[in-house]
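Here is what each chain is made of, one letter per residue.
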Amino acid sequence: MTDETDLPPTVALLWGLRETARRGRKPSLTVADITRAALEVADAEGLGAVSMAKVAERLGNSTMALYRYVNSKDELLLLMSDAAIGPAPDLPDGVGWRKALGLWSAAVLAVFRTHPWAVQIPISGPPVGPNNLSWFDRALGALSGTGLSEPDKVGVVMGLLTYVHGELRMSIDLTAGYEDDPDAFGRQYGSALATVVDPERLPALTKVIRAGVFDGDLPYDEDVEGVFGLTLYLDGVAAFIERRGAGQA
């Protein structure tokens, strides 16, 4: 815990409440400078290129100078994660919870497709940074007229976060795969499955193959796939809200 705020050090860092070392000359850097430079490295070269040394080089400082502000690369990744997503946009009034969560999800997907490397940052705990909490707040607010309890709202939003994060990882990876080898996503894939799949061992998959689901040469469409999955999730939330309204557990 920090002496100044009684907050965990990483929380104090994310909220700009942590004191930096005060030795020697007046500090020439800020945490914001370091975070911005790290984002520039990641946008240009990917997350794997980010290191304290690389960020320091971009800033024209020594690596040790960065440690006056950020204790480790793990802390730098936390700062990058919160900065990459930015503050949450306001959702329009009067659109209903389902439309609002759909807009919220689309906004999250758009932000991370701008910074796809951010999806690779490990999630080590619940959201605590100011930007991440603003997104959490907007999603919770979208459920304000549903009659759900506060714990139920949190459960719905965390489930949606899980879906959106999984969709992001898959869409980014599959889009890159399609660009590298589009044939692997079309008729070639269906033909390969038809050759190797044994109907006795994999009967359900055999029905899908025989129905011609994989016979086309349609490109992978991240938007179409994402909308389908989101619709299914929100259908489940709608049923959950209805059950709760009827007093069912």
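Thresholds applied
- Residues numbered from 1 in each chain as written.
- Predicted model: local features only at pLDDT ≥ 70, side-chain atom pairs only at ≥ 80, totals over all residues.
- Heavy atoms only, no water.
- Helix = DSSP H or I, 4+ residues; strand = E, 2+ residues; numbered from the N terminus.
- Rg over C-alpha atoms; globule rule 2.2 N^0.38 Å.
- Buried < 20%, exposed > 50% of the residue type's maximum accessible area, 1.4 Å probe, protein only.
- Contact = heavy atoms within 4.5 Å.
- Areas by Shrake-Rupley, 256 points an atom, 1.4 Å probe, with all protein chains shown as cover.
- Lys, Arg positive; Asp, Glu negative; His and termini not counted.
- Charge placed at Lys NZ, Arg CZ, Asp CG, Glu CD.
- Core = buried A, V, L, I, M, F, W, Y, C linked by side-chain atoms within 4.5 Å.
- Phe/Tyr/Trp six-rings, centres within 6.5 Å; stacked < 30°, edge-to-face > 60°.
- Patch = residues over 30% accessible without salt bridge, like charges linked within 9 Å, V, L, I, M, F, W, Y side chains within 5 Å.
- Salt bridge = Lys/Arg side-chain N within 4 Å of Asp/Glu carboxyl O.

**Focus: the overall build of the protein**
- Within the protein one finds eleven helices and zero strands.
- Helices and strands in the protein line up, N terminus first, as α-α-α-α-α-α-α-α-α-α-α.
- Relative to the compact-globule value of 18 Å for 249 residues, the protein shows a C-alpha radius of gyration of 23 Å, a clear excess of over 25%.
- Viewed in the frame of its principal axes, the protein has a C-alpha envelope of about 75 × 50 × 35 Å.
- Looking at the protein as a whole, 33% of its 249 residues qualify as buried.
- For the protein, the proportion of contacts with a sequence separation of at least 24, taken over those separated by at least 6, is 70%.
- Total accessible area on the protein stands at roughly 14500 Å², and carbon and sulfur atoms take up 56% of it.
- In the protein, 22 side chains carry a positive charge and 33 a negative one; their mean positions are 5 Å apart.

**What to know about the nonpolar core**
- Grouped together as the largest cluster of nonpolar side chains are 53 residues, with contacts concentrated most on Ile34, Val50, Val55, Leu76, Met80, Leu101 and Trp117.
- Those elements that provide at least two residues to this core are helix H1 (9-14), helix H2 (31-45), helix H3 (52-59), helix H5 (73-85), helix H6 (97-114), helix H7 (130-142), helix H8 (150-180) and helix H11 (222-245).
- A per-element tally of this core places H6 first, with eight residues.
- Leave out the neighbours within four places in its chain, and leucine 76 touches Ile34, Ala38, Val50, Met52, Val55 and Val70.

**Focus on the environment of glycine 145**
- By the element assignment, glycine 145 lies in the loop between H7 and H8.
- Counting along the chain gives 113 residues from glycine 145 to alanine 32, while the straight-line C-alpha distance between them is 37 Å.

**A few points about the packing of aromatic side chains**
- Using the criterion set out here, one finds two aromatic pairs in the structure.
- With centroids separated by 5.1 Å and ring planes inclined at 80 degrees, the aromatic side chains of tyrosine 189 and phenylalanine 214 adopt a geometry described as edge-to-face. Here tyrosine 189 is found in helix H9 (residues 187-196), whereas its partner phenylalanine 214 is found in the loop between helix H10 (203-210) and H11, with 25 residues between them in sequence.
- The exposure class assigned to tyrosine 189 is partly exposed, which follows from its relative accessible area of 36%.
- Classification of phenylalanine 214 as partly exposed rests on a relative accessible area of 25%.

**A word on a negative patch on the surface**
- The grouping of Glu179, Asp180, Asp181 and Asp183 at the surface amounts to a negative patch.
- Among the structural elements, aspartate 180 can be located in helix H8.
- Classification of aspartate 180 by relative accessible area gives exposed; the value is 70%.

**What about the pattern of salt bridges?**
- Under the definition given, this model contains nine salt bridges.
- With a shortest N-O distance of 2.8 Å, glutamate 40 and arginine 58 are connected by a salt bridge. Taken together, the positions of glutamate 40 in helix H2 and arginine 58 in helix H3 put the pair 18 residues apart, joining distant regions of the chain.
- By relative accessible area, which is 44% here, arginine 58 ends up partly exposed.
- Aspartate 235 is the partner of arginine 98 in a salt bridge, and the nearest nitrogen-oxygen pair spans 2.6 Å. Pair noted here: arginine 98 is in helix H6 and aspartate 235 is in helix H11, with a separation of 137 residues, a long-range link.

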